[in-house]
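# Structural characterization, general
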Amino acid sequence: LRFRVMDLAGQAVYESTHQYFLQRRAVYLLVWRAYPVQDGRLNVLTDRIRHWLEALQMRIPGAQLMLVVTHIDAVEAAALDEQCRRVKEAVQLCLNSIRGWSSDESALRVEVFQGGESQRVNCLLGEGVARLRASVVNFAVSMPWYREALPRTWVLLR
């Protein structure tokens, strides 16, 4: 199993290019940063989460997304738990909104790993990295497209 990683960044200046990199056969990680003081940053974060979920739904219905929180060493455990809870709540609200876009129950919708629980990582100490790696691999092999043969033209193009 090999991965090609692309960081699409979160800056608005790059948003118009994101659509060119979204594809069905992908594992999407939405990485967010825990902050020690929440001075409106969580509202911005939940807006960005909504943006990404809606963009994935519009471009790739049925896309699979995993949430990852970094800088967990920068906050107290209770504050981290609260931020993760609020992010999960924002994800659930957005997913409920997306469900309302179509009355067709069989329509593909964005799915979020573990119902929106964020994988916790401290990159400085490597805490959670092995667990994240294993989760990403398990997530990838559970995808409906896993083990699909690539079209011959794609293989030749490489």
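Preceding this section is the structure that the text describes.
Heads up: these notes are all about the structure in this document. (Residues numbered from 1 in each chain as written. Predicted model: local features only at pLDDT ≥ 70, side-chain atom pairs only at ≥ 80, totals over all residues. Heavy atoms only, no water.)

Turning our eyes to something else, we now look at the overall build of the protein. A tally of regular secondary structure across the protein gives 5 helices and 4 strands. Counted from the first residue to the last, the protein has its helices and strands arranged as α-β-α-β-α-β-β-α-α. Of the contacts formed within the protein by residues at least 6 apart in sequence, a portion of 79% connects residues at least 24 apart. Surface exposure of the protein reaches about 10300 Å², of which carbon and sulfur atoms provide 54%. (Helix = DSSP H or I, 4+ residues; strand = E, 2+ residues; numbered from the N terminus. Contact = heavy atoms within 4.5 Å. Areas by Shrake-Rupley, 256 points an atom, 1.4 Å probe, with all protein chains shown as cover.)

In this section: the layout of surface pockets. Empty space among the atoms becomes apparent when a probe as large as a water molecule is rolled across them. Looking at the second largest pocket, its volume works out to about 160 Å³. Arg-24, Ala-26, Ile-60, Pro-61, Gly-62, Ala-63, Gln-64, Leu-108, Glu-111, Pro-144 and Trp-145 are the residues that line the second largest pocket. Taken together, the residues that form the lining of the second largest pocket break down as 7 nonpolar, 2 polar and 2 charged. (1 Å grid on protein atoms, 1.4 Å probe; cavity = no way out; pocket = protein on both sides within 12 Å on 5 of 7 lines; lining within 4 Å. Points joined across faces, edges and corners; volume = space filled by probe spheres on them. Nonpolar A, V, L, I, M, F, W, Y, C, P; charged D, E, K, R; others polar.)

With that out of the way, let us pick up the pattern of salt bridges. All told, the structure shown has 5 salt bridges when counted by the stated rule. Measuring nitrogen to oxygen at the nearest pair gives 2.6 Å for the salt bridge that ties Glu-82 to Arg-85. A residue pair is termed a helical-turn pair when its members lie 3 or 4 positions apart in one helix, as Glu-82 and Arg-85 do in helix 3 (residues 77–99) at 3 residues. Of the charged contacts in the structure, one is a salt bridge between Arg-85 and Glu-89, with a shortest N-O distance of 3.0 Å. Taken as a pair, Arg-85 and Glu-89 lie in helix 3 at a separation of 4 residues, close to a single helical turn. Its relative accessible area of 42% is what places Glu-89 among the partly exposed residues. (Salt bridge = Lys/Arg side-chain N within 4 Å of Asp/Glu carboxyl O. Buried < 20%, exposed > 50% of the residue type's maximum accessible area, 1.4 Å probe, protein only.)

Right, let's get into the pairing of strand 1 (residues 28–33). Across the two faces of strand 1 the burial differs, with Tyr-28, Leu-30 and Trp-32 buried and Leu-29, Val-31 and Arg-33 not buried at all. As defined by bridge partners, strand 1 adjoins strand 2 (residues 64–70) across 6 bridges and the pair is classed as parallel. Bridge assignment links Leu-30 to a residue of strand 2, and that residue is Leu-67. (Pairing = 2+ DSSP bridges.)

Here we come to the pairing of strand 2. Burial of strand 2 is extensive: 7 of the 7 residues sit out of reach of the surface. Burial along strand 2 is two-sided: the residues Gln-64, Met-66, Val-68 and Thr-70 and Leu-65, Leu-67 and Val-69 are all buried. As defined by bridge partners, strand 2 adjoins strand 4 (residues 118–120) across 3 bridges and the pair is classed as parallel. Bridging from a neighbouring strand, Leu-67 pairs with Ser-118 of strand 4.

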